[in-house]
Amino acid sequence: MSALKFPATIYQTKHQFNDYSSDDMQCGDLTEKQLRSNLDLDKISDIVDPWTGEEVSMFISFRKSQPKSKTEIAELLFDEFLRVSLPTYYLGQHNLFNNLVKHFYHGDGKSYSSPFLDSAYKSLILNGQSSPSSPLTIIQTMLDKLAIDVKNGLSEADKDSITKAIGTSMLPKFNRWADSFNGLGISIHDIYATNIQITKIDINENGYVAKIIFTGQDHFGLDKTDIMNMKFHYIRAFRIWFVLQRWENFAFKPFFTNMKAEFEISSRRNG
């Protein structure tokens, strides 16, 4: 039976990394008519009308304002996007969300990563470890159960058993109740792709020490399903976000958010 070589991928979601083909990674692909008529996104902002460039205010309702330029409209919409994303703008991981919105404005579609995001991802995995459906718990349970040969180590068949077990797990996602308020829900929410590797395992007669790396990737972008979901459709922050991304006149590029967490697990051998 062939020995497993490291680093070894023990789990990979069906969703692949760097998937530019998904709908939430599209930008500038919709016309004003499609947005206003087909997707019912006529009213977007309480500050500026993106379709005409005119300011929206009760104090100027009796006179026409000088239309704003495209750059000015975008700046006003981004400011409003941050401001109306309460309580995210002020609470929890507000710095992460603010940085993601700024990256959306200035990043030109480049991928985003940060120590704060890695730390939040690691905490998410560790906090879920008390559940038997946690992938980290399942990996440790499987390694504890496997009859690992001290000389040959893990085999390809062992890896397949671990992969199958992880397939029944609850993969880490920022969809907890608290994530609705701490900024992580709107920033990341449903992690699109996940890869789990064993990078090293040291085995002796008494047990093992293994190093595990979780890599996650999400998309900071909205698809048509998102904006037509009644949970989000009438929330101004999402309407502004969608128009900034998908309207051909703006076409701000969505981007990948990358996160990584490393763990060391160990155990004495059964028996």
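Above this text is the structure in question.
Residue numbers run consecutively from 1 along every chain, following the written order of its sequence. Only residues with pLDDT of at least 70 get local features here, since the model is predicted, and only at 80 or more are side-chain atom pairs given and counted; chain-wide, interface and lining totals rely on the full set of residues. Working from all heavy atoms in the structure, the side-chain values ignore hydrogens and water.

Draft legend 1. Local environment of the environment of Thr141. Runs of E in the DSSP output that reach at least two residues are strands. Runs of H or I that reach at least four are helices, and both are numbered from the N terminus. Mapped onto the fold, Thr141 is located in helix α5 (residues 135-145). Exposure categories follow from relative accessible area, calculated using a 1.4 Å probe and restricted to protein chains: below 20% of the type maximum is buried, above 50% is exposed, and the middle band is partly exposed. Given the relative accessible area of 31%, Thr141 is considered partly exposed. Counting along the chain gives 123 residues from Thr141 to Glu264, while the straight-line C-alpha distance between them is 14 Å.

Draft legend 2. Just the sheet that holds strand β4 (residues 255-268), in detail. The strand order across the open sheet formed by 4 strands is β1-β2-β3-β4, and the pairing between neighbours is antiparallel. Only two strands of the sheet have a single partner each, and these edge strands are β1 (8-12) and β4. On average, adjacent strands in this sheet sit at an angle of 20 degrees to one another, irrespective of strand direction. Both strand β2 (residues 193-204) and strand β3 (residues 207-220) contribute to a ladder of 11 bridges, which runs antiparallel. Its bridge partner being in β3, Ile201 is matched across the sheet by Ala210. Should any heavy atoms of two residues lie within 4.5 Å, those residues are counted as being in contact. To obtain each axis, a line is fitted to C-alpha atoms, and for helices this fit is confined to the stretch in contact; angles are then taken between N-to-C directions over 0 to 180 degrees. Across the face of the sheet, helix α4 (residues 115-127) comes into contact with β2, β3 and β4 while running at roughly 45 degrees to β4. Pairing between two strands requires that DSSP report at least two bridges joining them.

Draft legend 3. Quick peek at helix α6 (residues 156-166). Taken together, the buried positions of α6 are occupied by Asp158, Lys159, Ile162, Ala165 and Ile166. The arc that holds every buried residue of α6, seen down its axis, measures 125 degrees, which confines them to one face. Buried-residue contacts for α6 involve β1, α5 and β2. The arc in question is the one traced by the directions running from the helix axis out to the C-beta atoms.

Draft legend 4. Seen up close, the environment of Leu76. By secondary structure assignment, the location of Leu76 is in helix α2 (residues 70-84). Taking the C-alpha atoms as reference points, Leu76 and Glu55, 21 residues apart in sequence, are found 9.7 Å from one another. With residues up to four places along the chain from it excluded, the contact list for Leu76 reads Ile47, Val48 and Lys68.

Draft legend 5. Seen up close, the nonpolar core. Core analysis: the largest hydrophobic core is formed by 71 residues, its most contacted members being Phe81, Phe104, Ile139, Leu143, Phe214 and Phe250. Sequence-distant contacts of Phe250, that is, excluding residues within four places in its chain, are made with Pro50, Lys70, Ile73, Ala74, Leu77, Val243 and Leu244. Here, nonpolar core means buried Ala, Val, Leu, Ile, Met, Phe, Trp, Tyr and Cys residues that are tied together by side-chain atoms lying within 4.5 Å of each other.

Draft legend 6. Expanded view of the pattern of salt bridges. Think of a salt bridge as a Lys or Arg side-chain nitrogen and an Asp or Glu carboxyl oxygen that are within 4 Å of each other. Tallying each qualifying case throughout the model produces 13 salt bridges. Asp23 serves as the salt-bridge partner of Arg246, at 3.0 Å between the closest nitrogen and oxygen. With a gap of 223 residues between them, Arg246 in helix α9 (residues 236-246) and Asp23 in the loop between β1 and α1 (32-38) connect regions that are remote in the sequence. For Glu156, the salt bridge goes to Lys159, with nearest N and O atoms at 3.7 Å. Taken together, the residues Glu156 and Lys159, both in helix α6 and 3 residues apart, mark about one turn of the helix. Given a relative accessible area of 31%, Glu156 falls into the partly exposed group. Overlapping salt bridges, with partners in common, bring together Asp23, Asp29, Lys224 and Arg246 in one network.

Draft legend 7. Representation of α5 within the structure. Burial analysis of α5 places 8 of its 11 residues in the buried class, which makes it a mostly covered element. Considered for burial, the residues of α5 that qualify are Pro135, Leu136, Thr137, Ile138, Ile139, Gln140, Met142 and Leu143. In the core, the buried residues of α5 are packed alongside β1, α4, α6, β2, β3 and β4.

Draft legend 8. Representation of the packing of α5 against α6 within the structure. The N-to-C vectors of α5 and α6 enclose an angle of 145 degrees; their axes lie 9 Å apart at closest approach. Along this stretch, α5 crosses α6, giving a crossing that reads as right-handed. Together, Pro135, Ile138, Ile139, Met142 and Leu143 of α5 and Ser161, Ile162, Ala165 and Ile166 of α6 make up the contact between the two elements. Split into classes, the residues belonging to the contact of α5 with α6 amount to 8 nonpolar, 1 polar and no charged. For a crossing to be left-handed, the near helix must be turned anticlockwise from the far one by less than a right angle; the clockwise case is right-handed. The nonpolar class holds Ala, Val, Leu, Ile, Met, Phe, Trp, Tyr, Cys and Pro. Asp, Glu, Lys and Arg form the charged class, and all remaining residues, Gly among them, are polar.

Draft legend 9. Region of interest: the pairing of β3. Among the 14 residues of β3, 11 are classified as buried, and the element is accordingly described as predominantly covered. Here β2 hands over to β3 after 2 residues, the two strands then running antiparallel side by side. Pairing of β3 with β4, which is carried by 14 bridges, proceeds in the antiparallel orientation. Residue pairing in the sheet places Gly216 in a bridge with Met259 of β4.

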